[in-house]
Amino acid sequence: MSIEARNITKRFGDFAALKDVTLQIPAGELVALLGPSGSGKTTLLRVIAGLEFPDAGAVFFDGVETTERSVQDRGVGFVFQHYSLFRHMTVFENIAFGLRVKPRRERPANERIRARVNELLKLVQLDWLAARYPSQLSGGQRQRVALARALAVEPRVLLLDEPFGALDAKVRQELRRWLRRLHDEIHVTSLFVTHDQEEALEVADRVVVMNEGRIEQEGSPDQVYHQPANAFVYRFLGNLNLFSARVQDGKTYIGEPANGFVAQSDGHRPLVYVRPHLLNIERRPTSENHIPAWVKHINSAGSLVKVELATEQGERIQVEISHERYHEIDLKKDDAVFVSPRDMRVFADT
Amino acid sequence: MATTASPRILTAPRTKPRVRTDPALVRWALIAIGGVFLGLFLLLPLAAVFANAFAKGATAYMAALREPEAASAIRLTLLASAIAVCLNVVFGVAAAWAIARFDFTGKNLLITLIDVPFSVSPVISGMIFVLLFGAQGWFGSWLAARDLKIIFAVPELIPVMQALGGEEEEAAVTLGASGWKTFFRITLPNIKWGLLYGIILCNARAMGEFGAVSVVSGHIRGLTNTMPLYIEILYNDYQFVPAFAIASLLTLLAVVTLVAKSLVEWKTERQAAEHDSVTEEGL
């Protein structure tokens, strides 16, 4: 089922959590709402769920307005960051809850409920834990039970609020791959909130980047990563180095601007953004676009070698190079080198 | 094995590490002061109540309890506190729910109002009730003898409900549960020990209440006397055995309440401990 949020505005006292947000999610997609805390992503999710009501704007499910509908009637499955399992019920009863509270006419018979719960337990690979209580489960198991519980009522939309936020790094990596596989299996329209750009880029079909109550950009992980709409999106999606720039004969160079080459036509000072892995380290200057720097720190434990350099002005530069390249140029601490960008983004300094 | 260890470690003194603590004299003096205080102000009066009640033997004790006026006082006390506790549970849970879950204008006023009975003398509450509900009062002639304590269950519940947070209830609602189903299946099971604790304390307060009831009640023997009032009358009439016999019943109630309260506290703590034990053993 498709979801549409149209011109949503939501205030909490003086704080505007959402400012005229419009978002469309096609049926069957897995979409990530990505943003720093306070960007309004969770509020947007809760407005779509019906747990918050917008001050202005409307929500549509499959083109039908649902803004005035209560949570119970919307048919959404909601997964909370802290699982929110019913602590006084077993795993089995937790998952069965949504079926048991249906009005008598719609409520399935006991055997049907049991069959459905067992099916879901198998889906989340926890059938051996049916009789346990939530307090006896690990974080990852709890989150999978929460997911099974949300799926039990066959929701038309699955909404997940920072589903892996409370788990440790290794578990969250495994669980997000598992979520991706699960989504490929059941194809329910899913929207999940995260502040972890890696998680969003890895799991989602589409990423919606939010900041200060607005949507900054939406698109495929590829699009938002390689064609960021603005400096915020570029900043938020990964590590970066910031250089002042000079523009000369229509070309942009990194380094302090020399006289006469300073500004762009609009008067803003241009800033150059470069990701650490898009910088080269050279022994001798090989291109026109380079700045001198000195090696301050080398960390070679990892898939890439992380090198920290300092410029003449004392500004720090982070560079990531391959191990092969690292051995080739035989880098050592305090070496004098030249840094040049392979690719860069120019955004006006605002 | 010890080749790399420094000689200083090898020759470390063998004496046991000294536990830092106060001298024995100080410790025992403090314990003794506590013990004496406990005996003087708690155990001795408790013993005195029963000693006086049985001063003329068990027959006199039983006779005092079988007195029609005594029986009437006991009946009225039980009835009034049953009503008070029931009303309390309903109003108390409603107020606790409102305060723990919602932000509304006048919330602080409500909290202050709930705290008032703790800071104002019960006699004043009684007078207000007479003023409102008394024969010449604002609200006509029907007179509620006991439901002064409407609020005493609330303070026990607010922290419990706040700790529970709204998420489990939100989860229930997203799964299609109605408000009532959410309350009975999710909220109530989670607050039951806090609620029971409140009920026990509320019941004890209701049965033992003297000041407010003394103002409200007309002191009509066999009709509007509750146990605490009846005890006072007997005592002033120099009828010590019956007075202490009735008092011993209230004392027993206190002891039972104390035991029940400890049990509930123990149970709540164990429940809390269970919920805190998070096992993070991977997937």
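Up top you'll find the structure we're talking about.
Peer 1: Would you mind going over the sheet that holds strand β10 (residues 214–219) of chain A with me for this structure?
Peer 2: Strands belonging to one sheet form pairs held by backbone hydrogen bonds; the direction of such a pair is parallel or antiparallel. Residues and elements named next belong to chain A. One open sheet holds the six strands; their spatial order is β6-β7-β8-β3-β9-β10, and the pairing between them is mixed. Looking along the sheet, the strands with just one partner apiece sit at the ends: β6 (76–79) and β10. Looking at each pair of strands side by side, their axes are set apart by 15 degrees on average, direction ignored. As judged from the four bridges shared by β6 and strand β7 (residues 157–161), these two strands associate in the parallel manner. Paired with V79 across the strands is L160, a residue of β7.

Peer 1: Where do I start with the packing of helix α4 (residues 110–123) of chain A against helix α5 (residues 139–152) of chain A in this structure?
Peer 2: A pair of packed helices can be characterised by two numbers: the angle between their axes and the separation between those axes. Residues and elements named next belong to chain A. Two elements in contact, α4 and α5, have axes separated by 10 Å at closest approach and are oriented at 140 degrees. Between α4 and α5, the angle is such that the two are oblique. Remark: the crossing between α4 and α5 carries right-handed chirality. Together, R116, V117, L120, L121 and L123 of α4 and A148, L151 and A152 of α5 make up the contact between the two elements.

Peer 1: Can you help me understand the nonpolar core in this one?
Peer 2: Generally speaking, nonpolar side chains in soluble globular proteins are found buried as a group. Residues and elements named next belong to chain A. Residues A32, I48, I95 and L159 are the most contacted members of the largest nonpolar core, which totals 80 residues. Sort the elements by how many residues they give to this core and α5 lands first, with seven residues. Look past the residues within four positions of I48 in its chain and what remains in contact with it is I3, A5, V59, L159 and L191.

Peer 1: Honestly, the interface of chain B and chain A in this entry has me stumped. Any pointers?
Peer 2: How big an interface is tends to be stated in terms of the accessible area lost upon association of its parts. With 24 residues of chain B in contact, the opposing surface of chain A contributes 25 residues. Considering each element in turn, the side of chain B that touches chain A owes the most residues, seven residues, to helix α8 (residues 167–174) of chain B. Residues belonging to the side of chain B that touches chain A are distributed by class as follows: nine nonpolar, eight polar and seven charged.

Peer 1: Quick question: what am I supposed to make of the pairing of strand β17 (residues 316–321) of chain A here?
Peer 2: For a regular strand, side chains alternate in direction, first toward one face of the sheet and then toward the other. Residue and element names in this part refer to chain A. Residues I317, V319 and I321 point to one face of β17 and are all buried, whereas R316, Q318 and E320, pointing to the other face, are not buried. Here strand β16 (residues 305–310) pairs with β17 via six bridges, running antiparallel. Following the sheet pairing, V307 is matched in β17 by V319. What sits between β16 and β17 in their antiparallel hairpin is a turn of five residues, with G314 showing a positive phi close to 90 degrees.

Conventions used here
- Residues numbered from 1 in each chain as written.
- Chains lettered and ligands numbered in written order.
- Predicted model: local features only at pLDDT ≥ 70, side-chain atom pairs only at ≥ 80, totals over all residues.
- Pairing = 2+ DSSP bridges.
- Helix = DSSP H or I, 4+ residues; strand = E, 2+ residues; numbered from the N terminus.
- Axes fitted to C-alpha atoms, helices over the stretch in contact; angles between N-to-C directions.
- Parallel < 35°, antiparallel > 145°, perpendicular 65-115°, else oblique.
- Left-handed = near helix turned anticlockwise from the far one by under 90°.
- Contact = placed C-beta atoms within 7 Å.
- Core = buried A, V, L, I, M, F, W, Y, C linked by C-beta atoms within 7 Å.
- Buried ≥ 20, exposed ≤ 12 C-beta atoms within 10 Å, placed from the backbone.
- Nonpolar A, V, L, I, M, F, W, Y, C, P; charged D, E, K, R; others polar.

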